[in-house]
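What follows is the residue order along each chain.
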Amino acid sequence: MAARQKIIILDFGGQYTQLIARRVRENHVYSEVVPWSVPAEELKKAAPAGIILSGGPSSVQDENAPLCDRAIYDLGVPLLGICYGMQLTAQLLGGRVERATEREYGRVNVRINSGSALTQALSPESACWMSHTWQVTKCPPGFAAVAQTDNCPIAAMANEEKRIYGVQFHPEVTHTQQGRLLLANFLTNVCGCTGDWTMEAYADIAVRQIQDITGEHGTVLLALSGGVDSSVAAALIYRAIGKRLTCVYVDHGFMRKGESEQVCDVFRRLFPVRFVRADAASRFFADLKGVTEPEQKRHIIGRDFVEVFKAEAQKLGKLDYFAQGTIYPDVIESGQGTNAAVIKSHHNVGGLPKELGFAELIEPLRMLFKDEVRALGEALGLPRELVWRQPFPGPGLAIRVIGEVTPEKVEIVRESDFILRDEIAKAGLSGSVSQYFTVLTGVHSVGVMGDERTYDYTVALRAVTTDDFMTADWARLPYDLVARVSERIVNEVPHASRVVLDVTSKPPASIEWE
Ligand code: XMP
């Protein structure tokens, strides 16, 4: 493959390092994240078009502060230091870094001098995202300040001749209004990147990495959940090793209408790997009998999933590697990088590879964000309707039945969910509402149908708009649409006699009801 322009990101442990990589990829430039300690000689061999130094939690004054190889500044490669990366650059090149008199955190107004290649076409004033205690108080020789805030006179610095830059704010986060433009300036004006990179190219690289791990004969076991991520991982591994991949799909009985069939059909037709489908619905229902507490439901489902999977895997004999479709937000959520409290224990198979005796994991999507995974799925030939599905929780419809889960109740949610999805699709709104589903509330209410008194279930409609699923607003669905959905649910779904609309945002409510 022809040498491709590449940006190397030195990771100093910042919260947003992967976000920087993603922003670079958005500009169709290939990027690799490597530890901060990689020596300059090695970086030189990789021949990057540019180097970015990430932010990080340390202070350059700390005794054990991570200091990159000083020689990287003499490689003649363009360089951008972000936050800690800027402070480090200033410190190593003879500037001064001091504790800020006023710590800046959050949205701050920044004034920009447009004379630099980095700031070209940026408007003179805009909001940026700051998060720092230390700051550069004197530029190193050859550098000039090219941005300021009220409390930070050197919010960005530039050495145009050496093509070395630093920004104290975070251009990679969306709160920095002109951040994308600034990064694009760095990539194109400074590094001369032409944007020659695509998802197809990512697939090629990932395929080679998988082949490097498995060698010519290695076999791989993958737990297919029916969701987008594991399906894309399976398609990718299939491209790398063909029939040496075995997929095990545990059907817990809580999938949406037609979904299990769709997954099985796609794999039989497009990716003809060894495919095992374990229909385990009766076991899951039996173990959930009488259980009403949401977390307990999740734990039982998680445990049963592992048990069923294990039993199937043992029947298959020894396979060499275990693969899973972990994506970057999962890495963050599982606590590697945040101290976020566990609001809900997400159903996953974290402990599974170890229990099955696998030493090495293949996680080819680990560095990708959700929309990138979808784009990759399309590049690999997965059908659009599978790739662009809205998110679906691991425990499935079981956590959309409030209280005890029974086959009858799951059927009510499944059918009403299908009607909601169908009407939203017909209204052409599938792309503008982030997630939508129905919930079988435990509430019975009185009604009248054909002169008879009824006392049946209340179904709630939940639809939200959100970028990241961490916060969400309730979607303002057109009333006519809500009316059609309501009418169809009470007419077509047995035992649903009332429909209500959930008009709560997150926070305070979560997206799911359990
Ligand atoms: P909440 O309800 O926490 O949902 O606001 C945020 C997003 O996560 C999904 N979700 C889950 N996903 N296992 C999953 O894999 C779970 O147990 C689970 N609970 C919630 C939810 O559908 C939404 O997209």
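Residues numbered from 1 in each chain as written. Predicted model: local features only at pLDDT ≥ 70, side-chain atom pairs only at ≥ 80, totals over all residues. Heavy atoms only, no water.

Often the size quoted for an interface is simply the accessible area lost on bringing the parts together. Structurally, the protein chain comprises domain 1 (6–190), domain 2 (199–387) and domain 3 (401–501). The distance between the C-alpha centroids of domain 1 and domain 2 comes to 37 Å. Counting from both sides, the interface comprises six residues of domain 1 and, opposite them, seven residues of domain 2. Roughly 700 Å² is buried in total at the junction of domain 1 and domain 2, and carbon and sulfur atoms are behind 54% of that figure. Summed over the shared surface of domain 1 and domain 2, the result is three residue pairs in polar contact (both at pLDDT 80 or more). For the side of domain 1 that touches domain 2, the leading source of residues is helix 1 (residues 17–26), giving four residues. Taken together, the residues of the side of domain 1 that touches domain 2 sort by class into two nonpolar, two polar and two charged. (Domains from an automatic or database assignment. Contact = heavy atoms within 4.5 Å. Buried area = accessible area lost by both parts, 1.4 Å probe. Polar contact = N/O pair within 3.5 Å; in protein donor to acceptor, adjacent residues only side chain to side chain. Helix = DSSP H or I, 4+ residues; strand = E, 2+ residues; numbered from the N terminus. Nonpolar A, V, L, I, M, F, W, Y, C, P; charged D, E, K, R; others polar.)

What follows covers helix 3 (residues 84–92). Counting buried residues in helix 3 gives seven out of nine residues, a clear majority hidden from the surface. Residues Y84, G85, M86, Q87, L88, T89 and A90 constitute the buried set of helix 3. The elements touched by buried residues of helix 3 are strand 3 (50–53), strand 4 (79–82), strand 5 (96–112), strand 6 (125–138), strand 8 (156–159) and strand 9 (164–167). Just past helix 3, the residue G94 takes up positive phi, approximately 100°. (Buried < 20%, exposed > 50% of the residue type's maximum accessible area, 1.4 Å probe, protein only.)

If you look at soluble globular proteins, the nonpolar side chains tend to sit buried side by side. Counting 52 residues, the largest nonpolar core has L221, F254, F284, F309, F322, L477 and I489 as the members making the most contacts within it. At seven residues, the largest contribution of residues to this core is made by helix 9 (residues 294–315). Of the domains in this structure, domain 2 (199–387) and domain 3 (401–501) are the two that each give at least three residues to this core. When near neighbours in sequence (up to four residues on either side) are disregarded, I489 contacts S416, I419, T438, V459, L461, A496 and V499. (Core = buried A, V, L, I, M, F, W, Y, C linked by side-chain atoms within 4.5 Å.)

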